[in-house]
Amino acid sequence: MSFIVIIPARAASTRLPGKPLLDIAGLPMVVRTAASAARSAAARVIVATDDEGIRTAVSQHGYEAMLTRADHATGTDRLAEVAANLHLPADAIVVNVQGDEPLIDPAQIDQVAALLINDPGAAIATCASRIQNHEVLFNPNAVKVVCNAQQRALYFSRAPIPWARDALADGQQRLAHGLPALHHIGLYAYRASFLASFASLPVGPLETYESLEQLRALENGYAIAVHVTEGHPAPGVDTAQDLDRVRELFANGL
């Protein structure tokens, strides 16, 4: 199994300024993330950033970093620039690990890469976990995905899908027994050929209304394979509270 990991890390952050370089037990967050990704089977781990300070910090700690343009609309666009600069073959597999996920499970990186390698008809692979409570199902910040019989994505939504008509007929929020509801995990593997095409794909109404970038692929006819994991992984660092929680975990010998 051969693949590379690219970690997009931009300096700008509205909720946590300078987030990639925030300290976690003596190392910058993005370096912690790179260290976790390096424990996967990836042949190469590269941090893609628009900031010289981030590039320098990553390099000083022994990991590879590349400078990219600062005007990318999405992390996927940043990946595409790096893939193009590396002259990757069309069938090369690139796993996108967000720079604010120091707790990323290396085994999960391997799983999503293997899924794409073993599904030649898919352009993308991603992960999901089974929803265990109605709070997640009805939370618009928790993205849901429904799949077909071949375990490929039919749709992603912030809405509670699939909708259990009979169980919810009384207007109460509940998780229907046996409902195949899946919580999307934002870890992706891409074929380099898809990344080369991504920037030119038109943004459709589904992506516009849901504000979910992966819908662009579905709207333009690309297949997304979905690996269902046991349990939902630890979330990334989006807030100061998240940062405190992760710092405590590392301080306690994670």
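In the block above lies the structure referred to throughout.
Notes on the structure follow. (Residues numbered from 1 in each chain as written. Predicted model: local features only at pLDDT ≥ 70, side-chain atom pairs only at ≥ 80, totals over all residues. Heavy atoms only, no water.)

As for the environment of Val-47
Move 1: Summarising the element assignment, Val-47 is placed in strand S4 (residues 44–49).
Move 2: The class of Val-47 is buried, set by a relative accessible area of 0%.
Move 3: Ignoring anything within four residues of it in the chain, the contact list for Val-47 reads Ile-7, Ala-9, Val-30, Ala-34, Ile-54, Val-58, Glu-64, Ala-65 and Met-66. (Helix = DSSP H or I, 4+ residues; strand = E, 2+ residues; numbered from the N terminus. Buried < 20%, exposed > 50% of the residue type's maximum accessible area, 1.4 Å probe, protein only. Contact = heavy atoms within 4.5 Å.)

Some points on the pairing of strand S9 (residues 153–157)
Move 1: Two elements, strand S8 (residues 144–147) and S9, share 4 bridges in a ladder whose sense is antiparallel. If you follow Val-145 over to S9, its bridge partner there is Phe-156.
Move 2: The loop that links S8 with its antiparallel partner S9 comprises 5 residues; one of these, Gln-151, has a positive phi angle of about 60°. (Pairing = 2+ DSSP bridges.)

Remarks on the pattern of salt bridges
Move 1: Scanning the entire structure with this criterion turns up 10 salt bridges.
Move 2: Two residues, Asp-238 and Lys-19, come together in a salt bridge whose shortest N-O distance is 3.8 Å. Of this pair, Asp-238 sits in the loop between strand S11 (224–229) and helix H9 (240–251) while Lys-19 is found in the loop between strand S1 (4–9) and strand S2 (23–24), placing the two residues 219 residues apart along the sequence.
Move 3: In this structure Asp-238 comes out as partly exposed when scored by relative accessible area, which is 33%.
Move 4: For Lys-19, a relative accessible area of 13% gives the class buried.
Move 5: Taken together, the salt bridges that share partners define one network made up of Lys-19, Asp-100 and Asp-238. (Salt bridge = Lys/Arg side-chain N within 4 Å of Asp/Glu carboxyl O.)

Points about unusual backbone geometry
Move 1: For the bond running from Ile-161 to Pro-162, omega is -5°, close enough to zero to count as cis.
Move 2: Note that Pro-162 resides in the loop between S9 and strand S10 (182–191).
Move 3: The phi dihedral of His-87 is positive, around 55°, even though this residue is not glycine.
Move 4: Among the structural elements, His-87 can be located in the loop between helix H3 (75–85) and strand S6 (93–96).

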